[in-house]
Amino acid sequence: MTDAPVGLITSAASDNLLKDRRLETVSTPWGGAPVLIGSIGGRQAAVILRYGEKLTLPSHKINYHANIWALRELGVESVISQNAIGSVNPAIRPGDIVISDDFLDKTKARAQSLFDESECWVRVDFTDPFCPRLRADLIAAANRHSNRVIERGTFVCTEGPRFETPAEIRAYAREGGDIVGTPLVPEVIFAREAEMCFASIAPVINFGAGMAPAVVHFGPGSMNEIYYKEGLHDLIEKTLIDAISGISSERTCNCGHALDGGFHGHPPAWLKRRAS
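Analysis parameters
- Residues numbered from 1 in each chain as written.
- Predicted model: local features only at pLDDT ≥ 70, side-chain atom pairs only at ≥ 80, totals over all residues.
- Heavy atoms only, no water.
- Phe/Tyr/Trp six-rings, centres within 6.5 Å; stacked < 30°, edge-to-face > 60°.
- Helix = DSSP H or I, 4+ residues; strand = E, 2+ residues; numbered from the N terminus.
- Buried < 20%, exposed > 50% of the residue type's maximum accessible area, 1.4 Å probe, protein only.
- Axes fitted to C-alpha atoms, helices over the stretch in contact; angles between N-to-C directions.
- Parallel < 35°, antiparallel > 145°, perpendicular 65-115°, else oblique.
- Left-handed = near helix turned anticlockwise from the far one by under 90°.
- Contact = heavy atoms within 4.5 Å.
- Nonpolar A, V, L, I, M, F, W, Y, C, P; charged D, E, K, R; others polar.
- UniProt positions renumbered as here; feature names shortened; annotations may be inferred.
- Polar contact = N/O pair within 3.5 Å; in protein donor to acceptor, adjacent residues only side chain to side chain.
- Expected span 1.5 Å × (residues − 1).
- Core = buried A, V, L, I, M, F, W, Y, C linked by side-chain atoms within 4.5 Å.

### Points about the packing of aromatic side chains
As enumerated under the stated definition, the model contains 8 aromatic pairs in all. Seen from their ring centres, F103 and F126 are 5.9 Å apart, and the 85 degrees between their planes marks the pair as edge-to-face. Of this pair, F103 sits in strand β8 (residues 102-106) while F126 is found in the loop between β9 (120-122) and α2 (132-145), placing the two residues 23 residues apart along the sequence. Residue F103 is classed as buried on the basis of its relative accessible area of 16%. Both rings, one in F130 and one in F198, keep their centres 6.4 Å apart while their planes meet at 25 degrees; by these two values the pair is stacked. In this pair, F130 is assigned in the loop between β9 and α2 and F198 in strand β13 (residues 197-207), connecting sequence segments 68 residues apart.

In structure tokens:
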């Protein structure tokens, strides 16, 4: 059993979501990471605003190493990644909420391991790409707030910052993709290597290129305006409060032992594995 803080990686966190907040800069081997500390649903929480406070940091420039390790340093064991994304699958429409169970990595220039600069070779298992325990908690909470929850789906993560082309969207669909966005990788990889549970909740706010009129990011009629004005953002925050307040304390998954049998070489000095 544990009362470890819950981690949330998102683009914005209202005062209704995160109470009693304070800003703390956490030192990591990759530099300092700004983290908002407070409470969500009565639970201690550590929140990363992945795009920065003013939403000026694109996905391909995020310091993923520092963000994930900062949560680890704060004692976080469970991380929820909130992603507002597009649909590749015509059956998944704007307004749906997807709790992904798999992903396709279509990034091009992002780091693939926390240990890239270390004298070791780490290969963690991804048979369950997202923590099944944490997914179950998110699914249960989402279903209490919406009747448009998609309980499985493959998240296609692209490099960005541009949107995808119609040909790319068609290709992703043929490969089994359901939703598309830019922030998931390498968060999901680094969290597994840090032996933290990780799951994604993804409200759909647009169709991919070629499936509907051109996608607009900001401004009148944009996907961001729709996300906030039509209440999807508030719905997701209510779901997050519900989910985080009820996250099971006992880790019945294998995430906390992800490095067992997958580590070859010399562990870096910064790696301090938690006691079982």
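### Section: the packing of α2 against helix α6 (residues 232-245)
In contact at an axis separation of 9 Å, α2 and α6 are set at 130 degrees when each is read in the N-to-C sense. In terms of orientation, α2 and α6 fall into the oblique class. Judged by the twist between their axes, the crossing of α2 over α6 is right-handed. Where α2 approaches α6, its residues D137, L138, A141, A142, R144 and H145 are matched on the opposing element by L235, K238, T239, D242 and A243. Residue composition of the contact of α2 with α6, by class: 5 nonpolar, 2 polar and 4 charged.

### With respect to the environment of L134
By secondary structure assignment, the location of L134 is in helix α2. Residue class for L134 comes out buried when judged on its relative accessible area of 0%. Not counting the four nearest positions on each side in its chain, L134 is found in contact with S78, V79, I80, C197, F198, A199 and I247.

### Brief notes about the UniProt feature "site: Important for substrate specificity" (unreviewed entry) in the protein
Under the feature "site: Important for substrate specificity" (unreviewed entry), the UniProt entry names E164 and S222. The buried category is assigned to E164, whose relative accessible area is 11%. Those residues in contact with E164 that sit more than four places away from it in its chain are T158, I169, Y172, V180 and A209. A distance of 2.9 Å separates polar atoms of two side chains, one belonging to E164 and the other to T158.

### Looking at α2
If you check α2, its first and last C-alpha atoms are 20 Å apart, about what 14 residues at 1.5 Å a residue would give, namely 20 Å. Of all the residues in α2, the buried ones are R133, L134, R135, D137, L138, I139, A141 and A142. Buried positions along α2 lie against β5 (78-82), β10 (149-150), β13 and α6.

### Some remarks on α6
Over its 14 residues, α6 extends 20 Å from the first C-alpha to the last, a length consistent with the 20 Å expected when each residue adds 1.5 Å. Listed as buried for α6 are L232, H233, I236, E237, T239, L240, D242, A243 and I244.

### Looking at the side chain of T239
Relative to the elements of secondary structure, T239 occurs in helix α6. Residues within four places of T239 in sequence aside, it is in contact with A141, A142, H145 and I201.

### Remarks on the nonpolar core
Grouped together as the largest cluster of nonpolar side chains are 44 residues, with contacts concentrated most on L71, F103, I179, L184 and V188. For this core, the secondary structure elements donating two or more residues are β3 (31-40), β4 (43-49), α1 (64-73), β9, β11 (154-158), α4 (187-193) and β13. With 6 residues, α1 is the single largest residue contributor to this core. In this view, V188 contacts F103, F126, P129, F130 and F198; residues no more than four positions away in its chain are not counted. One finds V6, L8, I80 and I205 within the second-largest nonpolar core, a separate group that totals 32 residues.

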